[in-house]
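Given next are the chains, with one letter for each unit.
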Amino acid sequence: MKHTLNTLYVTQPGSCLSKDGNTVLVERDNKKVIQLPIHTLGQIVCFGFSIIVTPPLMAFCAQNAVSIAWLTENGRFLGRVEGEIKGNVLLRRQQYRWADHEQKSLNVARCIVAAKVNNSRLNLQRFLRNQSGTVNTEEVERQIYELARLLNKMENCQNMDLLRGIEGEAANRYFNVFDSLITQQKEDFQFKCRSRRPPRDRVNALLSFVYTLLVFDIRSSLETVGLDPYVGFLHTDRPGRPSLALDMMEEFRAPLADRLVCRLVNLKKIQGKQFVVHGTGEVEMSEECRKELIMTYQNRKKEIIEHPFLKEKMEIGLIFQTQARLLARHIRGDLEYYPAFIWR
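Residue indices follow the written sequence of each chain, beginning from 1 at its first position. Totals for whole chains, interfaces and linings use all residues, but because this is a predicted model, local features are given only for residues with pLDDT of at least 70 and pairs of side-chain atoms are given and counted only at 80 or more. Note that water and hydrogens are dropped before the side-chain values are worked out from all heavy atoms of the structure.

Enquirer: Summarise the pairing of strand β2 (residues 16-20); cite the residues concerned and give the values.
Expert: Any two strands between which DSSP finds at least two bridges are classified as paired. The secondary structure listing takes helices from DSSP runs of H or I that are at least 4 residues long and strands from runs of E that are at least 2 residues long, numbered from the N terminus. Pairing between β2 and strand β3 (residues 23-28): five bridges, direction antiparallel. By the bridge assignment for β3, lysine 19 is matched with valine 24. Hairpin connection between β2 and β3: a loop of two residues separates the two successive antiparallel strands, and glycine 21 in this loop has a positive phi of roughly 65°. Where β2 lies against strand β6 (residues 52-53), two bridges are found, and the strand directions are parallel.

Enquirer: Which residues make up the sheet that holds strand β8 (residues 77-81), and what are the values?
Expert: For sheets, the rule is that strands pair by backbone hydrogen bonds, running either parallel or antiparallel. An order of β1-β5-β7-β8 is seen for the four strands of this open sheet, with the pairing classed as mixed. Only two strands of the sheet have a single partner each, and these edge strands are β1 (6-10) and β8. Mean inter-strand twist for the sheet, computed between neighbouring axes without regard to direction, equals 20°. As judged from the five bridges shared by strand β5 (residues 41-47) and strand β7 (residues 67-71), these two strands associate in the parallel manner. Every angle, taken between N-to-C directions, lies between 0 and 180 degrees, and every axis is a line fitted to C-alpha atoms, over only the stretch in contact when it is a helix.

Enquirer: An account of the packing of aromatic side chains is requested, with residue identities and associated values reported.
Expert: Here the aromatic set is Phe, Tyr and Trp, taking the six-membered ring for Trp, and pairing holds for ring centres within 6.5 Å; pairs whose planes are under 30 degrees apart are stacked, those over 60 apart are edge-to-face, and all others are tilted. What the rule picks out here adds up to twelve aromatic pairs. Seen in terms of ring centroids, phenylalanine 178 and phenylalanine 191 are 5.2 Å apart; in terms of plane orientation they differ by 65°. Their pairing is edge-to-face. Here phenylalanine 178, found in the loop between α5 (160-176) and α6 (202-225), pairs with phenylalanine 191, found in the loop between α5 and α6; they are 13 residues apart in sequence, far enough to count as distant. Each residue is assigned to one of three classes by its accessible area relative to the maximum for its type, calculated with a 1.4 Å probe on protein chains only: buried under 20%, partly exposed between the two thresholds, exposed over 50%. On the accessibility criterion, phenylalanine 178 (0% relative accessible area) is buried. The exposure class assigned to phenylalanine 191 is buried, which follows from its relative accessible area of 4%. Pairing phenylalanine 309 with tyrosine 337 gives two aromatic rings, centres 6.4 Å apart and planes at 85°, and the pair type is edge-to-face. One end of the pair, phenylalanine 309, is in the loop between β11 (304-306) and β12 (313-315); the other, tyrosine 337, is in the segment after α10 (316-332), and 28 residues separate them in sequence.

Enquirer: Residue-level account of the side chain of arginine 241, with values.
Expert: The residue arginine 241 is located in the loop between α6 and α7 (243-249) in this model. In this description, contact between two residues means that some pair of their heavy atoms is separated by no more than 4.5 Å. When near neighbours in sequence (up to four residues on either side) are disregarded, arginine 241 contacts Tyr230, His235, Thr236 and Leu246.

Enquirer: Got a sec to walk through empty space enclosed by the protein? Specific residues and values, please.
Expert: Over the atoms, a rolling probe the size of a water molecule traces out where space has been left empty. Grid spacing is 1 Å over the protein atoms alone, the probe is 1.4 Å, and a cavity is where that probe fits but cannot get out, while a pocket is an open set with protein on both sides within 12 Å along at least five of seven lines and lining residues have an atom within 4 Å of a point. Grid points are joined across faces, edges and corners, and a volume is the space filled by probe spheres set on the points. Summed over the entire model, instances satisfying the criterion amount to one cavity of 30 Å³ or more. Its boundaries defined by the atoms lining it, the largest cavity holds a volume of some 30 Å³. Lining the largest cavity are Thr11, Pro13, Phe47, Gly48, Phe49, Ser50 and Glu73. Among the residues making up the lining of the largest cavity, the classes are represented as three nonpolar, three polar and one charged. Asp, Glu, Lys and Arg are counted as charged, while Ala, Val, Leu, Ile, Met, Phe, Trp, Tyr, Cys and Pro are counted as nonpolar; the rest, among them Gly, fall into the polar class.

Enquirer: Tell me what's going on with the sheet that holds β6, and back it up with residues and numbers.
Expert: Strand order in this open sheet of four strands is β4-β3-β2-β6, and the pairing throughout is mixed. The strands lining the two open edges of the sheet, one partner per strand, are β4 (31-37) and β6. With six bridges connecting them, β3 and β4 associate as antiparallel partners. Residue pairing for β4: arginine 28 is matched across the bridge by lysine 31. Against the sheet, helix α1 (residues 55-63) makes contact with β2, β3 and β6, and its axis sits at roughly 65° relative to β2, the strand it touches most.

Function-wise, these values are silent; they only describe arrangement.
Below, the structure is given as structure tokens:
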């Protein structure tokens, strides 16, 4: 039986998490909010500085391979508590060798970037199908053509610098028309360019937050199969940066995160009044907005799709671990190439 472990997201200020038997108890103002068996959890993510986690619960989670992470309200990573790191040492040693080998890294990274560009292109094509005849689509069509051109160019890419250049150009072209995908609430949700730290508009704030949720899920999946999430092939090593998790996230940005954000805005599930715009220009989401975003993300992961490589139906939440296992099989030599995820 395939089982998706849940992530417990704690967003309410003043929440207290403690151990109660074999369960995790969440209380606020001395009242129970939720109580979950430890075996159903994969990780706990706390947003904000006022959430308390008792030491007995930290030890209990560490013993049961449940990590606890703290983030700011906007999703910036602060710290993490986890137990003994377990994994296949032979697999990780091979992963490290590949990361130091230009051609091996290039082969994996090229599959990932090709999937990212293809998924971005499919996202734009899907938009055109749904909005045919209602908006000016000439610029979107042009960028779809350019993304296809970059995909063809990637086939003959023989070094990492060139590949990263193609990836950067593809991202710029995709985001140049991303504002077209926002068809409702244009007075509050306008997108000009990608801005990260801090996000300078509401759309960027939403995108960055969902990307953070993705990274945490992918990182846990990589650790589960024995890979080191900090040693990647496309993203270079940097202290504290989960490079391999960021590599794999590229496959899911457009079809999962970007599409989710556009849907929430276009269906008016999230509105402009749910944000605070500071004098510095930084845009901050309200607690209500974070809850809606997390709930929608969790529900999305429960939807069933067919995996394009394995031809098996599975929950979206299981795809992260499936991709991690496929990457591990490629590194072991069981697969000729890494079948990066292409959304259909």
